[in-house]
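# Close look at the chain arrangement
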Amino acid sequence: MSSALIREIADLRLPALALWAPGPHMLTPAVRHVLQTYQATYSHRSAEFKACYQKTVDLLREVFQIPRGFTPLIFGHTGSYNWEMVVTNTPSNGATLGMDIGAFSKKWAQIFTSHGRNIDILKAAWGDGICARTWSNAIAKNYDLALLTHNETSTGVMLPVQEMCDTVRNTSPKTLIAIDAVSIAGASDTPIETLRPDYYLWSLQKDFACPTIGSVMIVSDRAFDIAAAVPNRGYVLDLIEWRTRAETTQTPMTVADLTLQCLNARLEEMKREGDHRFKRHQSLAHMQREWAKKHGLCLIARPGYESLTVNAILLPDHISGSDFVDKAKKLLNVQLAPGYGDTKNQAFRIAAMGHTSECDMRRVLKGLSLILNNWSKLE
């Protein structure tokens, strides 16, 4: 490898390790400040905790445009628990429509199966979404519950959830709508007042760029009414218990004020950035796709289903996803992710999340071009 190439790559190396895998993602400045200065100064049953909790709820309502009739709940567990919470708080004899468009949407459906629930699954090949006609025909069967995955992290497929929710309301208005937004909440301009799902859930470690210390679920009054009639909801996952405590700005189990403070810091960042946040995410994702196109590489996601927050890019046959990710970390100080499942050795995944800047993205993509174009020399 020539000294000129070594210098060129070194000049593009980021000064600090950047986590650009699709979660956990690198922390934002405001979240880092909370972690660096945090001290435990009050208990989780104190007035100070209640004030912090209320601030979080108020910020969530403002940033996500949550209207009356919907309640944001803040948890100390990751979003995967909330998949099971939806099962636990809906009738066991209900008919559910799920989807399999990748590894994580498939897991949510599997949780329903493991509970012995009646669930039909819309399946698409990796990279495909669910087209409008397929969705409309399925919803016409009047399911009790429909599970939507807004953004499939394993493939970089994003679904048009606003249109899909509108279809449910027009075709089968009694059907409950549950949306997993784990890797896109905060990046997509989908206000709750227009989306109006019954469950909208996400974890904090992806676009919210917090540590893996919690999750949020926004729940409709209709969903609470149905949960109240469901027997044997347990305790930890009981939505009614969580709402009852939330009405007093409390939680059933301890949710650390550190979680709330990190979430508040991130929500304040989002407020300051305003709608530019959505444009920045669009720009970052577009830059990644244009990079792939320039090098003759394809996305796993089919045209029309490309994600705002993660692109899964197929590599040339002689480069494995794991090797490419290793080179990017070693030479550019950026942590990407290989493909997921069967695509692990065929692709790499790069996020467009959190506080990532367009300047840093251009810099890293230029470095990735050098790695790709000089692979044999680097080997």
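Right, let's walk through the structure included here. (Residues numbered from 1 in each chain as written. Predicted model: local features only at pLDDT ≥ 70, side-chain atom pairs only at ≥ 80, totals over all residues. Heavy atoms only, no water.)

Turning our eyes to something else, we now look at the pairing of strand S2 (residues 70-75). Burial analysis of S2 places six of its six residues in the buried class, which makes it a mostly covered element. Residue alternation in S2 divides its side chains into two sets, Phe70, Pro72 and Ile74 and Thr71, Leu73 and Phe75, and both sets are buried. (Buried < 20%, exposed > 50% of the residue type's maximum accessible area, 1.4 Å probe, protein only. Helix = DSSP H or I, 4+ residues; strand = E, 2+ residues; numbered from the N terminus.)

With that settled, the discussion passes to the sheet that holds strand S14 (residues 347-351). Read across the sheet, three strands follow the order S11-S14-S13 without closing on themselves; strand pairing throughout is antiparallel. Two strands close off the open sheet at either side, each with one partner strand: strand S11 (310-314) and strand S13 (337-338). The pairing of S11 with S14 spans five bridges and is classified as antiparallel. Looking at S14, one finds that Leu314 is bridged to Ala347. (Pairing = 2+ DSSP bridges.)

Right, let's talk about helix H12 (residues 276-294) for a bit. Taking 1.5 Å as the rise per residue, H12 with 19 residues should run 27 Å; its terminal C-alpha atoms sit 26 Å apart, in good agreement. Buried within H12 we find Arg277, Phe278, Arg280, His281, Leu284, Ala285, Met287, Gln288, Trp291 and Ala292. Of the surrounding secondary structure, the elements contacted by the buried residues of H12 are helix H3 (47-63), helix H11 (257-273), S11, helix H13 (321-332), S14 and helix H14 (358-373). Gly296 lies just past H12 and shows a positive phi near 70°. (Expected span 1.5 Å × (residues − 1). Contact = heavy atoms within 4.5 Å.)

With their axes 10 Å apart at the nearest point, H13 and H14 run at an angle of 120° to one another. What the angle tells us is that H13 and H14 run oblique. As H13 runs across H14, the sense of the crossing is right-handed. Residues Phe324, Lys327, Ala328, Leu331 and Leu332 of H13 form the contact with H14, whose participating residues are Val364, Gly367, Leu368, Ile371 and Leu372. (Axes fitted to C-alpha atoms, helices over the stretch in contact; angles between N-to-C directions. Parallel < 35°, antiparallel > 145°, perpendicular 65-115°, else oblique. Left-handed = near helix turned anticlockwise from the far one by under 90°.)

This part covers the side chain of Ser172. One can find Ser172 in the loop between helix H7 (161-171) and strand S8 (176-180). Judged by relative accessible area, which is 4%, Ser172 ranks as buried. Setting aside residues no more than four positions away along its own chain, Ser172 makes contact with Ile139, Asn142, Tyr143 and Thr167.

Once that is clear, we can look at the sheet that holds S2. If you walk across this open sheet you meet the seven strands as S2-S10-S9-S8-S5-S3-S4, and the pairing is mixed. Where the open sheet ends on each side, the last strands, each with one partner, are S2 and strand S4 (118-123). Direction aside, neighbouring strands of the sheet carry axes that sit 20° apart on average. For strand S3 (residues 95-100) and S4, the ladder comprises six bridges, and the chain directions are parallel. Across the sheet, Met99 pairs through a bridge with Leu122, a residue of S4.

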